[in-house]
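The chain contents come next:
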Amino acid sequence: MTTGPTVALFATCFNDTMWPDAPRAVVTLLERLGCRVVFPREQTCCGQMFTNTGYADEAVPLVRRFVDVLGGYDHVVAPSGSCVGSVREQHPWLARRAGDEGLATASEDVGTRVHELSEFLVDVLGVTDVGASFPHRVTYHPTCHSLRMLHVGDKPLRLLREVRGIDLVDLPAATECCGFGGTFAVKNADTSIAMGADKARHVRDTGAEVLVAGDNSCLAHIGGMLRRQRAGVRIMHLAEVLASTEGAR
Amino acid sequence: MTLQTTSHTFLGMPPFPEAARAALANTQQRRNLAHATATIRGKRALVVGEVERWEELRVAGADAKDEALHHLPHYLEQLEENLTARGATVHWARDAEEANRIVVDLVRATGSDEVVKVKSMATQEIELNEALEAAGISAWETDLAELIVQLGHDRPSHILVPAIHRNRAEIREIFLREMGTVGRAAPEDLTSEPARLAEAARLHLREKFLRARVAVSGANFAIADTGTLVVVESEGNGRMCLTLPQTLISVVGVEKVLPTFADLGTMMQLLPRSSTGERMNPYTSMWTGVHEGDGPQDVHVVLLDNGRSAVLEDELGRQALRCIRCSACLNVCPVYERTGGHAYGSVYPGPIGAVLNPQLRGTSSPIDKSLPYASSLCGACFEACPVRIDIPALLVDLRTKVVDEASGRSPEAASMRATAWMFGDHRRLEAAQRASTLAGRLLGGRSLRSIPGLGAWTQARDVPNPPRETFRQWWARTHGDDEEAGS
Amino acid sequence: MSAREEILSRLRTATADIITQPGARGEVPVIGVASPGPEQTLELFAENVADYRASVTRCRPDEVGQAVAAALVRARAHVLLVPDGVDATWVEPLRDSGIRVVRDEGLTADQLDGIDAVVTASRVGIATTGTIVLDHADDQGRRALTLVPDQHVCVIRADQVVHDVPDAVAMLDPVRALTWISGPSATSDIELDRVEGVHGPRTLDVVIVS
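All values derive from a computational prediction rather than experimental measurement.

Peer 1: I tried to follow the interface of chain A and chain B on my own but got confused; where do I start?
Peer 2: Often the size quoted for an interface is simply the accessible area lost on bringing the parts together. Taken together, the contacts link 67 residues of chain A with 68 residues of chain B. When the two sides are added together, the surface that chain A and chain B hide from each other amounts to roughly 6,100 Å², 56% of it contributed by carbon and sulfur. Considering only the side of chain A, the residues that lose the most area to chain B are Arg41, Tyr55 and Arg228 of chain A, jointly responsible for 12% of the buried surface there. The interface formed by chain A and chain B contains 10 salt bridges. A salt bridge links Arg41 of chain A to Glu430 of chain B; the shortest N-O distance between them is 2.8 Å. In this assembly, chain A and chain B are joined by 31 residue pairs in polar contact (both at pLDDT 80 or more). It is helix α11 (residues 189-205) of chain A that provides the largest number of residues to the side of chain A that touches chain B, a total of eight residues. Here the side of chain A that touches chain B is built from residues that sort into 32 nonpolar, 17 polar and 18 charged.

Peer 1: Before we go on, may I ask you to explain the layout of surface pockets in this structure?
Peer 2: One simple way to see leftover space: roll a probe sized like a water molecule over the atoms. In this structure, the second largest pocket occupies an estimated 1,000 Å³ of space. If you trace the second largest pocket, you find 37 residues lining it, with Arg148 of chain A together with Gly379, Phe382, Glu383 and Pro392 of chain B closest to the centre. If you list the elements that add at least two residues to the lining of the second largest pocket, you get α5 (81-97) and α8 (144-149) of chain A together with α2 (27-49), α3 (54-70), α15 (334-339), α18 (380-384) and α19 (391-406) of chain B. The class makeup of the residues in the lining of the second largest pocket is 19 nonpolar, seven polar and 11 charged.

Peer 1: What is the right way to read helix α16 (residues 350-361) of chain B from this model?
Peer 2: One full turn of an α-helix is made of 3.6 residues, so residues set three or four places apart face in the same direction. All names here are of chain B. Over its 12 residues, α16 extends 16 Å from the first C-alpha to the last, a length consistent with the 16 Å expected when each residue adds 1.5 Å. Along α16, the residues that are buried comprise Gly350, Pro351, Ile352, Gly353, Ala354, Val355, Leu356, Asn357, Pro358, Gln359 and Leu360. Along its buried surface, α16 packs onto α13 (308-313), α14 (328-332), α15, α17 (366-370), α18 and α19. Just downstream of α16, Gly362 is the residue with a positive phi angle, here 85 degrees.

Peer 1: Even after reading the chapter, I still don't get the side chain of Glu235 of chain B, so can you show me in this structure?
Peer 2: Take Glu235 of chain B: it is sitting in the loop between β6 (228-233) and α11 (237-243). No salt bridge is formed by the buried Glu235 of chain B; the nearest opposite charge belongs to Lys119 of chain B, separated by 9.6 Å. Polar side-chain contacts of Glu235 of chain B include one of 2.9 Å to the backbone nitrogen of Leu144 of chain B. What Glu235 of chain B contacts, discounting residues up to four positions off in sequence, is Thr142, Asp143, Leu144 and Tyr283 of chain B together with Ser185, Ala186, Thr187, Asp189, Val198, His199 and Gly200 of chain C.

Peer 1: Could you clarify how one ought to interpret the sheet that holds strand β2 (residues 36-38) of chain A in this entry?
Peer 2: Either a parallel or an antiparallel arrangement is found when strands of a sheet pair, and the pairing is made through backbone hydrogen bonds. Residues and elements named next belong to chain A. The sheet built from four strands is open, its strands ordered β2-β1-β3-β4 with parallel pairing. Strands with a single pairing partner mark the edges of an open sheet, and in this sheet they are β2 and β4 (114-116). Taking the axes of each pair of neighbouring strands and ignoring which way they run, one obtains an average angle of 35 degrees across the sheet. Here strand β1 (residues 6-9) pairs with strand β3 (residues 76-78) via two bridges, running parallel. Residue pairing for β3: Leu9 is matched across the bridge by Val77. In the packing of helix α2 (residues 21-32) onto the sheet, contacts are made with β1, β2 and β3, and the angle to β1 comes to roughly 175 degrees.

Peer 1: So what exactly am I meant to see when it comes to empty space enclosed by the protein here?
Peer 2: All chains considered together, the criterion is met by nine cavities of 30 Å³ or more. Roughly 600 Å³ of internal volume is contained in the largest cavity. In this structure, the largest cavity is lined by 37 residues; those nearest its centre are Lys119, Leu160, Asn220, Val232 and Arg325 of chain B. Contributing elements (two or more residues each) for the lining of the largest cavity: α6 (121-125), β6, β7 (247-253) and α12 (264-275) of chain B together with β10 (186-190) of chain C. Grouping the amino acids of the lining of the largest cavity by side-chain chemistry returns 17 nonpolar, 11 polar and nine charged. In this structure, the lining of the largest cavity is formed jointly by two domains, domain 1 (26-309) and domain 2 (320-406) of chain B, each of which donates at least three residues.

Peer 1: Got a minute to help me understand the domain arrangement of chain B in this structure?
Peer 2: All names here are of chain B. What the domain assignment lists for chain B is domain 1 (26-309), domain 2 (320-406) and domain 3 (426-479). A straight line from the C-alpha centre of domain 1 to that of domain 2 covers 22 Å. Listed as interface residues are 40 residues of domain 1 and, on the opposing side, 30 residues of domain 2. Between domain 1 and domain 2, roughly 3,200 Å² of surface is buried when both sides are summed, and carbon and sulfur atoms account for 58% of that area. The largest per-residue losses of area from domain 1 upon contact with domain 2 belong to Arg41, Arg58 and Ile159, which jointly make up 20% of the total buried on that side. At the boundary of domain 1 and domain 2, one finds four salt bridges. With a shortest N-O distance of 2.8 Å, Arg322 and Asp66 are connected by a salt bridge. The tally of links from domain 1 across to domain 2 stands at 14 residue pairs in polar contact (both at pLDDT 80 or more). Of all the secondary structure elements, the ones that give two or more residues to the side of domain 1 that touches domain 2 are α2, α3, α6 and α12. Classifying every residue of the side of domain 1 that touches domain 2 gives 16 nonpolar, 11 polar and 13 charged.

Peer 1: How should I be thinking about the side chain of Ser436 of chain B in this particular structure?
Peer 2: Here Ser436 of chain B lies in helix α21 (residues 426-443). With residues near it in sequence (within four places) discarded, Ser436 of chain B still touches Thr17 of chain A together with Pro466 and Pro467 of chain B.

Peer 1: I'm lost on the interface of chain B and chain C in this one. Help?
Peer 2: Between chain B and chain C, the contact holds 96 residues from the first and 75 residues from the second. Summed over both sides, the interface of chain B with chain C buries roughly 7,200 Å², with 58% coming from carbon and sulfur. Counting every contact that joins chain B to chain C gives 14 salt bridges. Glu80 of chain B serves as the salt-bridge partner of Arg4 of chain C, at 2.7 Å between the closest nitrogen and oxygen. Our count for the contact surface shared by chain B and chain C stands at 42 residue pairs in polar contact (both at pLDDT 80 or more). Residues of the side of chain B that touches chain C, tallied by class, amount to 43 nonpolar, 26 polar and 27 charged. Two elements, strand β9 (residues 283-288) of chain B and strand β9 (residues 178-181) of chain C, share four bridges in a ladder whose sense is antiparallel. The residue of β9 of chain C that forms the bridge with Thr284 of chain B is Trp180 of chain C.

Cut-off values and rules
- Residues numbered from 1 in each chain as written.
- Chains lettered and ligands numbered in written order.
- Predicted model: local features only at pLDDT ≥ 70, side-chain atom pairs only at ≥ 80, totals over all residues.
- Heavy atoms only, no water.
- Contact = heavy atoms within 4.5 Å.
- Buried area = accessible area lost by both parts, 1.4 Å probe.
- Salt bridge = Lys/Arg side-chain N within 4 Å of Asp/Glu carboxyl O.
- Polar contact = N/O pair within 3.5 Å; in protein donor to acceptor, adjacent residues only side chain to side chain.
- Helix = DSSP H or I, 4+ residues; strand = E, 2+ residues; numbered from the N terminus.
- Nonpolar A, V, L, I, M, F, W, Y, C, P; charged D, E, K, R; others polar.
- 1 Å grid on protein atoms, 1.4 Å probe; cavity = no way out; pocket = protein on both sides within 12 Å on 5 of 7 lines; lining within 4 Å.
- Points joined across faces, edges and corners; volume = space filled by probe spheres on them.
- Expected span 1.5 Å × (residues − 1).
- Buried < 20%, exposed > 50% of the residue type's maximum accessible area, 1.4 Å probe, protein only.
- Lys, Arg positive; Asp, Glu negative; His and termini not counted.
- Pairing = 2+ DSSP bridges.
- Axes fitted to C-alpha atoms, helices over the stretch in contact; angles between N-to-C directions.
- Domains from an automatic or database assignment.

Structure below.
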């Protein structure tokens, strides 16, 4: 039943193309919580990869597209702290750099209505118990942009603690970067791998079956290492755990 | 007397990824760095946590530096006036060469063939020791870590602790091997116990302090409204240099100026806690020109530009000049922790080096082009910075400069343009996705180990298989093509 | 153009976009912790000084001499340097102790190196950081006196201790040479572990008088 607000889902290009389970879980979860979810099809990408690699000019049309396609909604939700961070922190800067003050103002305005999933659930909907059930041993990696750009704090953990059956264990050195960093992962592959190796070791040390985070890009990096090491640890997006009703009665 | 041969210069450094690869293979150094940075991170967190109004202090610190930087000519002239009124002589140096010439001439005028040095980033930056040596003047580094670096014919790898890459056993070896060649030898029964190593340095340097006629220092702060210079230190080597010799020459970057003495109320809280993780560093010396009958009676200050005015020109980039050289950003940086400082190819390593060097030196060399990319943009540096330098934002800005200077001629630029074109319209994205899901269906459950062109990724990481159905394909199938067709 | 003119001109060009005047930020904000009371401030001061492994003695004004003597005996000092302005009663009990008292008659660095200890007053103490600031007035002597000897016995009156750093900065006269001392000489240069005792006095004794 739709009793809650209408939410425009910003799936993000990476999730849309490579990890559709995360945005699908957002749809399942938000609909379960009574929201009306829409998916404006003209959306593509926030441009973060271009921006962070130095291709600001390539990113500007994507800023414009973001404002045009998603600017009309009261709530935009994305299953990626990193993309939300880019929208909020980088879009106005990109627009100003291109000399488009109007676009800068517009993107600042949209930025106030764009939320990472855990922010939206806790701050806008005001829930921490989302009715999920997930009977597994889980550890949570707080991705850098959620933590230090968006300052989501312990919101994801508050949501996870309410999940039925979950065995949530602390990740050692949790706040340290996993080493993904977008094109950093290939431009500085050796350093990226050295960082990822330490993160993967900390994950294995927890004995968790599942590693959870709010960004599939970081998870792809850590998960890629865990899989190469045949560590037997699955990766899951926060949205998937929160949408789960596994083992619920 | 033996001339000390100090650090090799950083000229001709390879780009960061290459230098980092070599550093990452040095397991001893990685262990040393991991241990040292973890220790200092813990100490810093503890003493910063004690200060309830830390965020307010950070804002005040940034404001104080911005006030000075935004009106730098005004405050420098005020500083000069006050210094001169108190008996100091002020010199101005456009670049490293000019600064070195001024210092060499001043030392020569005293007739001394040696100087004792307080650890100073500015003199490292201009390679003053090399210039002094070329003029037949020995420059004795007196900070323990600088001494280790100098005796080891090594390069500094950290702003605060230049020998952070060395452990106690290595330091013992260096002392035993080298001290005797330039002065009092290390005791034969020297152990690797830190207290014994510090004792050896005390004995070795004391004879140099007692006979020194000229000292060279930098300054942590130069106070415009009083003409006071400030040196923050731990060991007392700074006090020795600033107090015992007759002549004192301080090389001070123009960005070191602070508007008023009252600003020290902020800075003396921010710096020690961020730097060594102490409530206060053991010793801070403040002097205002010449103090009659106390300390050096011949006091010189060399105000150094060396690229700083160019950094100041950039509205965003100028905030890097707020840096008070605390090195908190190095200690929290996961990249620095693993690669160490040498890979950054400068006396300014770590996150602040990654922004400062390309700004000070330009982005023409391979190393300076690569430094803005030597970061995962995790933001730990910004969070730790006591004067709120938004290093990740500066790195991204510098990346655009590197890209703009390449004028779009690289294969990377071509592929970025193609990808951006694809994202320019959702129909193009959807077409590209059809190819990806086709691959996903073809691969089935098999995993990808290597993909041509993705070698850097696949050397240690599996590649996720593309899904059989993208999100938007699923949405169209379950929710219909109309965006408004929610449940 | 001289280097001075050229640098100033470059800096003027670089800041041409700035429209504010110097000082537009207003008063420097005073950000510190207010004293919860004189006794708490004093206790915190003593605690933080001791935390740096300086030895701390609290005594009454008429007990300073004994406290100084005790500190010298602990460190086995034989020769004590006393700046001219130091209260004579502080060294009175040393008369028959066998400890030789010397005055600063323009001692050279080498001569100072032969002296075991120095006793001085101080200008201000900071509780939150355990810091003592010397302004090198007559009762503290010139800077070298409290640097070269291996022991520094520093006497501070309770009313000289302020609570936080900005309080101290406000009290100091920047025209004087100033030395801020927080514990004995130390280094963290070997594996970032703190080791006490490098070039400055390796023994710091603080006598708090109230």
